[in-house]
Amino acid sequence: MQYDVTVIGGGPGGYVAAIRCAQLGLKTAIVEKYSTLGGTCLNVGCIPSKALLDSSEHYYNASHTFKTHGINLENLSVDLPQMIQRKNEVVEQTTAGITFLMKKNKITTYQGLGSFVDKNTIKVAKAEGGEETITTKNVIVATGSKPTALPFLPIDKKRIITSTEALNLQEVPKHLIVIGGGVIGLELGSVYARLGAKVTVVEFMDGIIATMDKTMSKELQKSLAKLGFDFKLSHKVTGATVEGDKVVVTADSSKGEKVSIEGDYCIVAVGRTAYTEGLGLDKIGIQLEERGKKIPVNDHLETSVKGIYAIGDVIRGAMLAHKAEEEGVYVAETIAGQKPHINYNLIPGVVYTWPEVASVGFTEEQLKEQGKKYKVGSFPFKASGRARASMDIDGLVKVLADAQTDELLGVHMIGPRAADMIAEAVVAMEFRASAEDIGRICHAHPTFTEAFKEAALAATDNRAVHI
């Protein structure tokens with residue numbers, strides 16, 4: 001078969017790229033090695049983890065806050081297998097939806113491992129054996145990433161596990177050890193902490209969610225500590241051993257002390273690594289960068305080989321599903337001869353703990369490093385009537401604005417529904433709004449988003465009203 005575009009990888013970046021190509025009239029194929037489309041995000045990442053986060057949050061509220069709301073329950077218990085089953089059903093419904101979208105947009109789906117024979121020929125090796133070959137004018141590589149492994153810490157997928165296995169535990173851990181204080185580890189740690197597990201986070205850096213604004217890091221740590229998290233910051237993990245149904249993790253503290261932590265499960269969540277194995281990139285002359293993993297691309301996301309593009313986790317930048325989606329649309333429109341754009345500084349980042357953390361633009365630390373003159377405005381949710389009504393008073397909104405022009409430079413939120421609220425900040429910053437612009441926009445009362453308005457007013461000549 002001859003195609004205008006062939007997408008290798010059916011995750012958020014790949015399937016969105018394929019749909020946009022089809023919308024633009026390009027004959028499109030997508031190659032996916034697994035039995036379902038959706039990639040890590042839909043199958044073993046974003047979607048299933050959010051399903052478990054929601055289920056565990058319901059249980060936590062039922063056991064901790066319902067009584068205050070005037071709701072009395074007896075004999076409350078966790079049915080973890082049912083939680084897992086519901087999560088699986090959500091995944092099945094979502095991946096089935098992607099299959100439907102492929103048919104709706106007349107995209108041909110190939111099941112198997114795609115690899116380059118040459119720049120215009122893709123071989124698809126089927127899982128059940130056999131192979132077929134397709135020819136194509138353009139290729140978009142969107143093969144995503146996999147959990148990063150530590151060479152000195154073998155993962156047995158039973159007691160020492162990755163995020164994938166953590167989504168399918170059949171019991172609530174008594175003591176869950178999480179190696180890595182980033183988004184994945186904190187979200188999964190939150191699931192099991194809410195269900196009653198003791199959670200210890202071992203982190204090499206001196207704070208959690210290290211890439212985000214430090215105010216967010218400190219506030220989230222305080223909130224998670226209330227949930228029962230124990231943090232071992234500035235600790236370097238040196239090993240882990242399994243002894244029956246126990247895991248012992250060893251680490252060195254920043255003071256040089258030897259630390260030993262015993263639990264029954266250990267999640268290794270130290271990041272993700274670009275997945276490019278088996279693509280045959282060497283056959284078309286593409287050399288990998290960043291320790292031999294990332295695919296180098298130009299400003300149009302084209303590789304060194306004309307007509308071969310790469311998007312998402314396999315190229316530079318944040319490993320985020322929505323970043324991959326934007327890049328998929330960008331490449332599709334570029335191939336079609338359009339002039340799309342992406343502002344990488346305005347791709348939001350979110351941590352789906354509770355409270356949620358969301359961020360867009362520059363952090364305060366980055367502005368200091370640039371020597372940029374800026375103003376800060378913040379507003380705590382404890383001063384929000386809507387937050388008090390829902391008993392969600394942890395956190396704050398922090399606004400960073402240019403000291404001279406008042407243009408928004410960064411917005412950072414930790415609080416209820418921050419993942420949804422950050423979109424207002426993204427829209428405002430895309431249109432280069434000032435802090436005063438936000439302060440002058442009418443926000444419905446009572447809502448959580450009023451905290452953004454108040455923080456913007458605080459950055460505008462200290463004009464916040466409700467604090």
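Just above sits the structure.
Read on for a plain summary of the structure. (Residues numbered from 1 in each chain as written. Predicted model: local features only at pLDDT ≥ 70, side-chain atom pairs only at ≥ 80, totals over all residues. Heavy atoms only, no water.)

### Let's talk about the pairing of strand β9 (residues 175–179)
The element β9 is extensively covered by neighbouring structure, given that 5 of its 5 residues are classed as buried. Residues H175, I177 and I179 of β9 are buried on one face, and the alternating residues L176 and V178, pointing to the opposite face, are buried as well. Pairing of β9 with strand β10 (residues 198–202) involves 5 bridges; the strand directions are parallel. Bridge pairing links H175 to K198 in β10. This β-α-β element, β9 to helix α6 (residues 183–194) to β10, shows right-handed connectivity. (Buried < 20%, exposed > 50% of the residue type's maximum accessible area, 1.4 Å probe, protein only. Helix = DSSP H or I, 4+ residues; strand = E, 2+ residues; numbered from the N terminus. Pairing = 2+ DSSP bridges. Right-handed = clockwise from strand over helix to strand, strands pointing away.)

### Structural notes on the packing of helix α3 (residues 46–64) against helix α4 (residues 80–104)
When two helices pack together, their arrangement is captured by the angle between the axes and the distance separating the axes. Two elements in contact, α3 and α4, have axes whose closest approach is 9 Å; the angle formed by their N-to-C orientations is 140 degrees. The element α3 and its partner α4 pack so that their crossing is right-handed. For the pair α3 and α4, contact is made by I47, P48, A51, L52, D54, S55, S56 and Y59 and by M83, I84, R86, K87, V90, V91 and T94, respectively. Here the residues of the contact of α3 with α4 sort into 9 nonpolar, 3 polar and 3 charged. (Axes fitted to C-alpha atoms, helices over the stretch in contact; angles between N-to-C directions. Left-handed = near helix turned anticlockwise from the far one by under 90°. Contact = heavy atoms within 4.5 Å. Nonpolar A, V, L, I, M, F, W, Y, C, P; charged D, E, K, R; others polar.)

### Quick notes on the packing of aromatic side chains
Evaluated as defined, the whole model comprises 3 aromatic pairs. Between Y3 and Y110, the ring centres sit 6.1 Å apart and the planes meet at 85 degrees, which makes this aromatic pair edge-to-face. Here Y3, found in strand β1 (residues 2–8), pairs with Y110, found in strand β3 (residues 108–111); they are 107 residues apart in sequence, far enough to count as distant. Judged by its relative accessible area of 1%, Y3 is buried. Accessibility expressed as a relative area gives 8% for Y110, which makes it buried. When the centroid spacing of 6.5 Å and the interplanar angle of 75 degrees are considered together, the rings of F381 and F448 count as edge-to-face. Residue F381 is located in the loop between β20 (374–380) and α11 (385–390), and its partner F448 is located in the loop between α13 (435–440) and α14 (450–459); the two are separated by 67 residues in the primary sequence. (Phe/Tyr/Trp six-rings, centres within 6.5 Å; stacked < 30°, edge-to-face > 60°.)

### Some thoughts on the sheet that holds strand β21 (residues 396–402)
One key point about sheets: their strands pair by backbone hydrogen bonds, in either a parallel or an antiparallel sense. Taken together, the 5 strands give an open sheet; going across it, the order is β18-β19-β22-β21-β20, and neighbouring strands pair in antiparallel fashion. Edge positions in the open sheet fall to β18 (349–351) and β20, since each of these has one partner strand only. The mean angle between the axes of side-by-side strands here comes to 10 degrees, regardless of whether they run parallel or antiparallel. Here 3 bridges tie β18 to strand β19 (residues 356–361), and the two strands are oriented antiparallel to one another. The partner of G349 across the bridge, within β19, is S359.

### A look at the pairing of strand β4 (residues 113–118)
Consecutive residues of a regular strand have side chains that alternate between opposite faces of the sheet. Here 5 bridges tie β4 to strand β5 (residues 121–125), and the two strands are oriented antiparallel to one another. Among the inter-strand pairings, S115 is bridged to a residue of β5, identified as K123. In this structure, the hairpin formed by β4 and β5 is closed by a connection of 2 residues.

### Here we look at the sheet that holds strand β12 (residues 235–243)
Pairing is antiparallel in the open sheet, where 3 strands are placed in the order β12-β13-β14. For this open sheet the edge positions go to β12 and β14 (258–263), each flanked by a neighbour on one side alone. Averaged over all pairs of adjacent strands, the angle between strand axes in this sheet comes to 20 degrees, irrespective of strand direction.

### Topic: unusual backbone geometry
Following W354, the chain continues into P355 via a peptide bond in cis, with omega recorded as 5 degrees. Relative to the helices and strands, P355 is located in the loop between β18 and β19. Cis rather than trans, the peptide bond between H445 and P446 has omega equal to 0 degrees. Here P446 lies in the loop between α13 and α14. Phi at L301 is positive, roughly 65 degrees, even though this residue is not glycine. Its location among the elements puts L301 in the loop between α8 (290–293) and β17 (308–310). Exposure remark for L301: the relative accessible area of 2% places this residue in the buried category.

### A closer look at a nonpolar patch on the surface
Residues I71, L73 and L76 make up a contiguous nonpolar surface patch of about 240 Å² in total accessible area. Along the chain, the position of L76 falls in the loop between α3 and α4. (Patch = residues over 30% accessible without salt bridge, like charges linked within 9 Å, V, L, I, M, F, W, Y side chains within 5 Å. Areas by Shrake-Rupley, 256 points an atom, 1.4 Å probe, with all protein chains shown as cover. Salt bridge = Lys/Arg side-chain N within 4 Å of Asp/Glu carboxyl O.)

### Here we look at the pattern of salt bridges
With the rule as written, the count across this model stands at 20 salt bridges. E187 is paired through a salt bridge with K50; the nearest N and O atoms lie 3.2 Å apart. Of this pair, E187 sits in helix α6 while K50 sits in helix α3, placing them 137 residues apart in sequence. The exposure class of E187 is buried, given its relative accessible area of 6%. K293 serves as the salt-bridge partner of E277, at 3.4 Å between the closest nitrogen and oxygen. Separated by 16 residues along the polypeptide, E277 in the loop between β16 (272–274) and α8 and K293 in helix α8 bring together distant segments of the chain. Residue class for K293 comes out partly exposed when judged on its relative accessible area of 27%. One salt-bridge network, held together by shared partners, links K146, E277 and K293.

Remember, this is a structural readout, not a statement about activity or role.
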